[in-house]
Amino acid sequence: DAGVIQSPRHEVTEMGQEVTLRCKPISGHNSLFWYRQTMMRGLELLIYFNNNVPIDDSGMPEDRFSAKMPNASFSTLKIQPSEPRDSAVYFCASSLLGVSGRTDTQYFGPGTRLTVL
Amino acid sequence: GEDVEQSLFLSVREGDSSVINCTYTDSSSTYLYWYKQEPGAGLQLLTYIFSNMDMKQDQRLTVLLNKKDKHLSLRIADTQTGDSAIYFCAEGRTGGGNKLTFGTGTQLKVEL
């Protein structure tokens, strides 16, 4: 299995530009998570999906951030317009939520390092 | 609410044991995890423990859980330079929708 795939690995953009981060979860997994990691705030959960449906987006910092999961094998996190304070490493993770509701292991992608100038 | 806390740094000598501590507040936590993050990489699962267990051992790793005090620890025996990384504890619960709450991470530095 290829694991969770994220693209791009690195993104450098200018303030005001639109940024789209992509994630392909592990095949068969039905939960997908977007995290942001910074030195100041540590690891923050932005949003997560179960069966392609957003369950909790309370961690999304502002309306500039949006996430979609059009199908079980693809998700995007979009920032429009981007600002320098959005500079961080963005991780995608996936897991399998069983019918029992038991929390299962999350598998992380390698992350996208975003720099907004 | 849920809160998971860890000390930020730990420094040990190669060959010594490392003990990384974590406290959590959610008494309904069902599963507790330890993840490792090496520089420039994502988080990798090291081990996990169910809340009805007190201890779990996996090679050089020993996890201790004190549910009464909501205290979790990870002991790494014979610590090597390759163990230098950030270690995150995380808690989850059945019915929580697969959401995990992560601690702040402990940076382990192994010195020669």
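Residues numbered from 1 in each chain as written. Chains lettered and ligands numbered in written order. Predicted model: local features only at pLDDT ≥ 70, side-chain atom pairs only at ≥ 80, totals over all residues. Heavy atoms only, no water.

Undergrad: Can you tell me about the overall build of chain B, naming the residues and giving the values?
TA: A count of helical and extended segments in chain B gives zero helices and eleven strands. Moving toward the C terminus, one meets the helices and strands of chain B in the order β-β-β-β-β-β-β-β-β-β-β. Relative to its length of 112 residues, chain B is compact, with a C-alpha radius of gyration of 13 Å against a globular reference of 13 Å. Judged by the C-alpha coordinates and their principal axes, chain B covers about 45 × 30 × 20 Å. A burial count over chain B gives 45% of its 112 residues as buried. Pairs at least 24 apart in sequence give 56% of the contacts found in chain B among residues at least 6 apart. (Helix = DSSP H or I, 4+ residues; strand = E, 2+ residues; numbered from the N terminus. Rg over C-alpha atoms; globule rule 2.2 N^0.38 Å. Buried < 20%, exposed > 50% of the residue type's maximum accessible area, 1.4 Å probe, protein only. Contact = heavy atoms within 4.5 Å.)

Undergrad: Run through the sheet that holds strand β7 (residues 65-71) of chain A, naming residues and quoting values.
TA: Residue and element names in this part refer to chain A. With antiparallel pairing, four strands are arranged side by side in an open sheet as β1-β3-β8-β7. Lying at the two open borders of the sheet, with one neighbouring strand each, are β1 (5-7) and β7. Neighbouring strand axes in the sheet, compared pairwise and without regard to direction, differ in orientation by 15 degrees on average. By the bridge criterion, three bridges tie β1 to strand β3 (residues 19-24) in an arrangement that is antiparallel. Of the residues in β3, the one forming a bridge with Ile5 is Lys24. (Pairing = 2+ DSSP bridges. Axes fitted to C-alpha atoms, helices over the stretch in contact; angles between N-to-C directions.)

Undergrad: Got a sec to walk through the packing of aromatic side chains? Specific residues and values, please.
TA: Applying the stated criterion across every chain yields a total of 13 aromatic pairs over all chains. Ring centres of Tyr33 of chain B and Tyr35 of chain B lie 6.2 Å apart, and the angle between their planes is 35 degrees; on these two criteria the pair is classed as tilted. Of the residues examined, Tyr33 of chain B reaches a relative accessible area of 1% and is grouped as buried. Ring geometry for Tyr33 of chain B and Tyr48 of chain B: centres 5.8 Å apart, planes at 35 degrees, overall tilted. Residue Tyr33 of chain B is found in strand β4 (residues 31-37), and its partner Tyr48 of chain B is found in strand β5 (residues 43-50); the two are separated by 15 residues along the sequence. Under the relative-accessibility criterion, Tyr48 of chain B is labelled partly exposed at 25%. Following the ring pairs from residue to residue traces out a cluster consisting of Phe33, Tyr35, Tyr48, Phe91 and Phe108 of chain A together with Tyr31, Tyr33, Tyr35, Tyr48, Phe50, Phe88 and Phe102 of chain B. Its guanidinium or amino end placed over the ring of Tyr48 of chain B, Lys56 of chain B lies 4.1 Å from that ring's centre, counting from NZ or CZ. (Phe/Tyr/Trp six-rings, centres within 6.5 Å; stacked < 30°, edge-to-face > 60°. Lys NZ or Arg CZ within 6 Å of the ring centre and 35° of its normal.)

Undergrad: Could you give me a rundown of unusual backbone geometry, with the residues and numbers involved?
TA: Residue and element names in this part refer to chain A. A cis amide bond, omega -10 degrees, links Ser7 with the succeeding residue Pro8. With an omega of -10 degrees, the peptide bond running from Gln80 to Pro81 counts as cis. Along the chain, Pro81 turns up in the loop between β8 (74-79) and β9 (88-95). Positive phi outside glycine occurs at Asn52, with the angle close to 75 degrees. For Asn52, the position within the fold is in the loop between β5 (42-50) and β6 (53-56). The exposure class of Asn52 is partly exposed, given its relative accessible area of 29%.

Undergrad: Residues and numbers for the interface of chain A and chain B, please.
TA: At the junction of the two partners, chain A supplies 24 residues and chain B supplies 21 residues. Both faces considered, chain A and chain B share a buried interface measuring about 1700 Å² in area, 52% of it formed by carbon and sulfur atoms. Here chain A is connected to chain B by zero salt bridges. On inspection of chain A and its partner chain B, the count reaches two residue pairs in polar contact (both at pLDDT 80 or more). Of all the secondary structure elements, the ones that give two or more residues to the side of chain A that touches chain B are β4 (31-38), β5 and β9 of chain A. Among the residues making up the side of chain A that touches chain B, the classes are represented as ten nonpolar, ten polar and four charged. (Buried area = accessible area lost by both parts, 1.4 Å probe. Salt bridge = Lys/Arg side-chain N within 4 Å of Asp/Glu carboxyl O. Polar contact = N/O pair within 3.5 Å; in protein donor to acceptor, adjacent residues only side chain to side chain. Nonpolar A, V, L, I, M, F, W, Y, C, P; charged D, E, K, R; others polar.)

Undergrad: Quick one: what's the story with the side chain of Thr76 of chain A, residue by residue and with numbers?
TA: Residue and element names in this part refer to chain A. Positionally, Thr76 belongs in strand β8. We classify Thr76 as buried; its relative accessible area is 14%. Other than its neighbours up to four places away in sequence, Thr76 contacts Thr20, Leu21, Arg22, Trp34, Ser66, Ala67 and Lys68.

Undergrad: Explain the state of the cysteines to me, and be specific about the residues and the numbers.
TA: Counted according to the given criterion, the structure contains two disulfides over all chains. In this model Cys23 of chain A forms its disulfide with Cys92 of chain A; the gap between the sulfur atoms is 1.9 Å. On the sign convention where negative means left-handed, the S-S torsion of about -70 degrees between Cys23 of chain A and Cys92 of chain A marks this disulfide as left-handed. With a gap of 69 residues between them, Cys23 of chain A in strand β3 and Cys92 of chain A in strand β9 connect regions that are remote in the sequence. Comparing Cys23 of chain A with Cys92 of chain A shows no difference in burial state: the two are buried. One disulfide in the model links Cys22 of chain B with Cys89 of chain B; its S-S distance is 1.9 Å. Because the sign of the S-S torsion sets the handedness, a value of about 70 degrees for the bond joining Cys22 of chain B and Cys89 of chain B places this disulfide among the right-handed ones. Of this pair, Cys22 of chain B sits in strand β3 (residues 18-24) while Cys89 of chain B sits in strand β9 (residues 85-92), placing them 67 residues apart in sequence. Judged on exposure class, the residue Cys22 of chain B and its partner Cys89 of chain B are both buried. (Disulfide = S-S within 2.5 Å.)

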